Amino acid sequence: FPAMAPYTWRQPEFPGDGSDHKWLDPTLLVICQNADMEAAIEPLLISLKQPFAPRLVASIFVHETMRDAFCKLMRSSMEPMHHQAATHSRYLRTVAIVKCLQAETVCLLTPDDINFRSKLTPGSPMIVCEFNQNFFASGKPTSVVTMHTFRNASELPRILAGEQVPFVSAAVWGRKMSSVYETALQLDMSLVYINCHGVPLVPIREYFEVKQPHVVMAQYHHFEVICHEDKYRMIVYPAKVFWEPSNVKETTDTEEEPSGHKKK
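To start, this report covers the structure provided alongside it. (Residues numbered from 1 in each chain as written. Predicted model: local features only at pLDDT ≥ 70, side-chain atom pairs only at ≥ 80, totals over all residues. Heavy atoms only, no water.)

What follows covers the nonpolar core. Membership of the largest hydrophobic core comes to 37 residues, with the highest contact counts inside it found for Leu29, Ile31, Leu44, Ile60, Phe70, Met74 and Ile127. Considering every element that reaches this core, the biggest residue donor is helix α3 (residues 67–77), with four residues. With sequence-adjacent residues up to four places away left out, Phe70 is seen in contact with Ile31, Met37, Ile41, Leu44, Ile60, Val62 and Met147. Grouped together as the second largest cluster of nonpolar side chains are 23 residues, Phe150, Leu156, Val165 and Ala184 included. (Core = buried A, V, L, I, M, F, W, Y, C linked by side-chain atoms within 4.5 Å. Buried < 20%, exposed > 50% of the residue type's maximum accessible area, 1.4 Å probe, protein only. Helix = DSSP H or I, 4+ residues; strand = E, 2+ residues; numbered from the N terminus. Contact = heavy atoms within 4.5 Å.)

Spelled out as structure tokens, the structure:
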């Protein structure tokens with residue numbers, strides 16, 4: 001019998017989907033005044049934990065009144081990166097550039113023995129303040145998330161243009177709907193979520209594709225296709241539902257009508 005070739009096993013290259021070589025549907029996070037930051041940062045924490053994957057948060061725009069609270073929350077919420085991401089050459093190169101630039105960062109820090117100085121914890125995620133992604137890798141993922149501070153929504157187009165990242169969507173969070181909606185319209189993107197993220201677009205996708213304005217309520221969300229400045233956009237935000245038609249044809253004497261009055 002011929003000799004059999006020895007069995008060899010090689011660990012697949014990380015991450016394996018090319019997301020360390022090109023942007024794959026990156027997203028933007030915008031924090032407006034009085035935003036629910038606990039809910040807003042959920043996808044950001046995932047992005048920081050494993051920064052090489054599709055549909056991750058690449059940049060954050062934070063209103064100046066929320067900046068300090070946001071940074072404090074992130075420092076207490078972030079976790080060390082996935083081991084293979086923390087040893088990836090692109091991450092190590094970016095960390096070296098950040099150190100050279102002496103950029104302000106939001107990251108995990110380890111104090112020295114006498115608690116006098118702190119240094120970057122090995123494998124820490126990193127948010128780099130007031131620098132664009134192109135500072136660290138021209139047109140390619142960097143493994144870090146950039147953060148910019150703004151005062152007025154009118155500043156956002158300039159900041160967005162400076163990032164030069166092919167964002168496919170944004171999630172805008174804030175309490176006052178009128179100002180949050182104004183912020184959403186300042187972003188040159190075809191898809192903006194307001195106070196939510198990642199909601200399936202089935203109810204309006206076909207209307208957007210044929211460039212037909214449309215509004216619909218579905219899945220406890222408000223979906224709309226609008227034309228703004230000669231561009232069609234999809235905007236999605238949660239909608240409160242106070243009453244839904246019942247499948248039961250008749251109500252009992254103890255059940256309430258939708259108006260809140262009991263049947264007589």
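To continue, consider the sheet that holds strand β1 (residues 27–31). The strand order β3-β6-β7-β2-β1-β8-β9-β12-β11-β10 describes an open sheet built from ten strands, whose pairing is mixed. In the strand order of this sheet, the two ends are held by β3 (105–107) and β10 (214–218), each with one partner. Taking each pair of neighbouring strands and ignoring which way they run, the sheet shows an average axis angle of 20 degrees. In terms of strand pairing, strand β6 (residues 126–129) meets strand β7 (residues 145–150) through three bridges, oriented parallel. Its bridge partner being in β7, Val128 is matched across the sheet by Thr146. The strands that α3 touches are β1, β2 (57–63), β3, β6 and β7; relative to β3, the one it contacts most, it runs at about 35 degrees. (Pairing = 2+ DSSP bridges. Axes fitted to C-alpha atoms, helices over the stretch in contact; angles between N-to-C directions.)

Inspection of the secondary structure assignment puts His148 in strand β7. We classify His148 as buried; its relative accessible area is 7%. The spatial distance from the C-alpha of His148 to the C-alpha of Glu130 is 5.0 Å, given a sequence separation of 18 residues. Setting aside residues no more than four positions away along its own chain, His148 makes contact with Ile60, Phe61, Val62, Glu130, Phe131, Asn132, Ile159 and Glu163. One polar contact links His148 to Glu163, side chain to side chain, over a distance of 2.6 Å. (Polar contact = N/O pair within 3.5 Å; in protein donor to acceptor, adjacent residues only side chain to side chain.)

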